[in-house]
Amino acid sequence: MTYTTNTDDRMIRLYDRLAPVYDRLHQRWLRFAGGEAQAALEAAVRVGMTEEAKLLDAGCGTGRFARGLLACGITPKQITLLDPSEAMLSRCSDLPVRRSRGRLEAMPFPDSSFDLVTSAWVVETVSEPSDALRELCRVLRPGGILCLTFCAEKPFRGFVDWVMYRGLSLRHTGRFLNIEDIKRSLKGAMTCEVQTLPSAGPAATLIARRCGA
Ligand SMILES: C[S@@+](CC[C@H](N)C(=O)[O-])C[C@H]1O[C@@H](n2cnc3c(N)ncnc32)[C@H](O)[C@@H]1O
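### Things to note about the sheet that holds strand E7 (residues 203–210)
Here is step 1: Spatial ordering of the open sheet is given by E3-E2-E1-E4-E5-E7-E6, a layout of 7 strands whose pairing is mixed. At either end of the open sheet lies a strand with only one pairing partner, and these are strand E3 (98–101) and strand E6 (192–197). Averaged over all pairs of adjacent strands, the angle between strand axes in this sheet comes to 15 degrees, irrespective of strand direction.
Here is step 2: The pairing of strand E4 (residues 114–120) with strand E5 (residues 140–151) spans 6 bridges and is parallel. Paired with Phe 114 across the bridge in E5 is Leu 140.

Following this line, the structure appears as structure tokens:
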């Protein structure tokens, strides 16, 4: 499928409309399809997070991930949230963290701004994932870690995977990406070591450590 900038705008408007019901819909996705990949991402971030580390959650949605981090004792000044959807960002307005409106493909941050960059269930919503990945790598400091979770092409485990696959495709809320393509794009964007964390279901979690200081 070919995507255009208009498609990106439509996607953002779609998430604007979904914002009030997003947490309920996403909970279903995590329960039946993406839960293991999400758990792998959260575990990787807990291991990588230090007291001084600055973290960006790019495509933060309703801020669910940041809430979990704050509950674990990460301080608000360590966390930055980014999302292009006004409605999604307004769902994070109770969080005492820095919030920015913007797209993955053109982020309003200088190079090497963050020690950890997370992006969960977002690269599959943008028309050119490689542009988004280049930006995610740009804002990561040398030695920093990018944690990426996304809907991935994998053999169906059974009927439930098929239903989840159809649901996502019919709602046009994203698509299923090839894991090797994503790894290639990451390696093209920065010198890094990429690891795939094991998880079942039509989803993947990749950890990319940027080489350098
Ligand atoms: C499936 S939700 C994931 C939200 C959150 N990361 C989570 O784990 O619940 C996708 C999010 O990506 C955002 N989004 C859509 N297009 C985007 C883009 N071009 N750049 C950044 N975020 C985008 C949507 O507004 C939405 O909040």
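### Details of the site of the ligand
Here is step 1: Near the ligand there are 19 residues, and of these Tyr 22, Gly 59, Asp 83, Leu 104 and Ala 120 occur at the shortest range.
Here is step 2: Within the backbone of Gly 59, one N or O atom sits 2.6 Å away from a nitrogen atom of the ligand.
Here is step 3: In the environment of the ligand, a nitrogen atom lies 2.8 Å from a nitrogen or oxygen atom belonging to the backbone of Ala 120.
Here is step 4: Protein contacts shield 96% of the accessible area of the ligand, which totals 590 Å² for the unbound molecule.
Here is step 5: With respect to the detected pockets, the ligand is housed in the largest pocket.
Here is step 6: Where the shell around the ligand is concerned, the elements lending two or more residues are helix H1 (5–18) and helix H2 (22–48).
Here is step 7: Here the residues of the shell around the ligand are counted per class, giving 11 nonpolar, 5 polar and 3 charged.

### Some points on the pairing of E7
Here is step 1: Taken across its 8 residues, E7 has 6 buried, putting it largely inside the fold.
Here is step 2: Note that E5 and E7 share 7 bridges and pair antiparallel. Bridge pairing in E7 places Leu 146 opposite Ala 208.
Here is step 3: Taken together, the 6 bridges between E6 and E7 define a ladder with antiparallel strand orientation. Each residue of the ladder has a partner; that of Glu 193, found in E7, is Arg 209.

What counts and what doesn't
- Residues numbered from 1 in each chain as written.
- Predicted model: local features only at pLDDT ≥ 70, side-chain atom pairs only at ≥ 80, totals over all residues.
- Heavy atoms only, no water.
- Pairing = 2+ DSSP bridges.
- Helix = DSSP H or I, 4+ residues; strand = E, 2+ residues; numbered from the N terminus.
- Axes fitted to C-alpha atoms, helices over the stretch in contact; angles between N-to-C directions.
- Near = heavy atom within 4 Å.
- Polar contact = N/O pair within 3.5 Å; in protein donor to acceptor, adjacent residues only side chain to side chain.
- Areas by Shrake-Rupley, 256 points an atom, 1.4 Å probe, with all protein chains shown as cover.
- 1 Å grid on protein atoms, 1.4 Å probe; cavity = no way out; pocket = protein on both sides within 12 Å on 5 of 7 lines; lining within 4 Å.
- Sits in = over half its atoms within 2 Å of the grid points.
- Nonpolar A, V, L, I, M, F, W, Y, C, P; charged D, E, K, R; others polar.
- Buried < 20%, exposed > 50% of the residue type's maximum accessible area, 1.4 Å probe, protein only.

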